[in-house]
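In case you want the letters, here they are:
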Amino acid sequence: MTSILPEHDTRFKAKHIIITGAGGNFGREGCIFFSLRGAKVTALDLNKDALIETEAIVKSKSNAAQIACFVCNVTDAPSVQLAIDESEKKFGTPDMLWSE
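Keep in mind that this is a model prediction, so the values were computed, not measured.

Colleague: Any chance you could explain the pattern of salt bridges here in plain terms?
Modeller: Any two side chains of opposite charge can pair if their charged atoms end up close together. Tallied over the entire structure, the rule returns five salt bridges. A salt bridge links Asp9 to Arg11; the shortest N-O distance between them is 2.6 Å. Take Asp9: its relative accessible area is 5%, and that puts it in the buried class. Assessed through its relative accessible area of 54%, Arg11 is described here as exposed. Taking the shortest distance from any N to any O, the salt bridge between Asp9 and Arg37 comes out at 3.1 Å. With a gap of 28 residues between them, Asp9 in the segment before β1 (16–20) and Arg37 in the loop between α1 (25–36) and β2 (40–45) connect regions that are remote in the sequence. By relative accessible area, Arg37 is classed as buried at 12%. A single network of salt bridges, built from pairs that share partners, joins Asp9, Arg11 and Arg37.

Given below as structure tokens:
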């Protein structure tokens, strides 16, 4: 089985991907995975400090990473709508949601 290096995997290049739970381990790994493949990532989590850490880790792995972080309670519709509205201003219409 051959492995594709992240920089050669273009399936997600320039796609806008929203990731919930981005401050946790699984969500953080998703942010890294998609960012390394050229996606524009909107990271959502209730924990501001965890989001700051996720953003720092993503940016440390790729200078070209495009990530926007929003403190958001995904059980609260207005909170979600605000985050989505702001992310669309930055990255355009989302192409995918990865919900943890």
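Next comes the rest of the account.
Colleague: Whenever I open this one, helix α2 (residues 48–61) confuses me. Can you help?
Modeller: Given 3.6 residues per helical turn, the α-helix brings residues three or four places apart onto the same face. For α2, spanning 14 residues, the distance from its first C-alpha to its last is 20 Å, which sits close to the expected 20 Å at 1.5 Å a residue. Considered for burial, the residues of α2 that qualify are Ala50, Leu51, Thr54 and Val58. End-on, the buried residues of α2 take up no more than an arc of 100°, which puts them together on one face. Set apart from the buried face of α2 by more than 90 degrees, the exposed residues are Lys48, Asp49 and Ser60. Buried residues along α2 sit against α1, β2 and β3 (66–71). If you check the start of α2, you find a side-chain oxygen 3.0 Å away from the backbone N of Asp49, and it comes from Asn47.

Colleague: How should α1 be read in this particular structure?
Modeller: Its 12 residues place the ends of α1 17 Å apart at the C-alpha level, agreeing with the 16 Å of an ideal helix rising 1.5 Å per residue. By the burial criterion, the buried members of α1 are Gly27, Arg28, Gly30, Cys31, Ile32, Phe34 and Ser35. For α1, the elements touching its buried residues are β1, β2, α2, β3 and β4 (96–98). Positive backbone phi, approximately 85°, marks Gly38, located one or two places after α1.

Colleague: Could you clarify how one ought to interpret the environment of Phe34 in this entry?
Modeller: Structurally, Phe34 is set in helix α1. Linking Phe34 and Gln66, residues 32 residues apart in sequence, is a C-alpha distance of 9.9 Å. In this structure Phe34 touches Phe12, Ile17, Ile19, Ala39, Val41, Met96 and Trp98, once residues within four positions along its chain are discounted.

Definitions and cut-offs
- Residues numbered from 1 in each chain as written.
- Predicted model: local features only at pLDDT ≥ 70, side-chain atom pairs only at ≥ 80, totals over all residues.
- Heavy atoms only, no water.
- Salt bridge = Lys/Arg side-chain N within 4 Å of Asp/Glu carboxyl O.
- Buried < 20%, exposed > 50% of the residue type's maximum accessible area, 1.4 Å probe, protein only.
- Helix = DSSP H or I, 4+ residues; strand = E, 2+ residues; numbered from the N terminus.
- Expected span 1.5 Å × (residues − 1).
- Arc of directions from axis to C-beta.
- Contact = heavy atoms within 4.5 Å.
- Polar contact = N/O pair within 3.5 Å; in protein donor to acceptor, adjacent residues only side chain to side chain.

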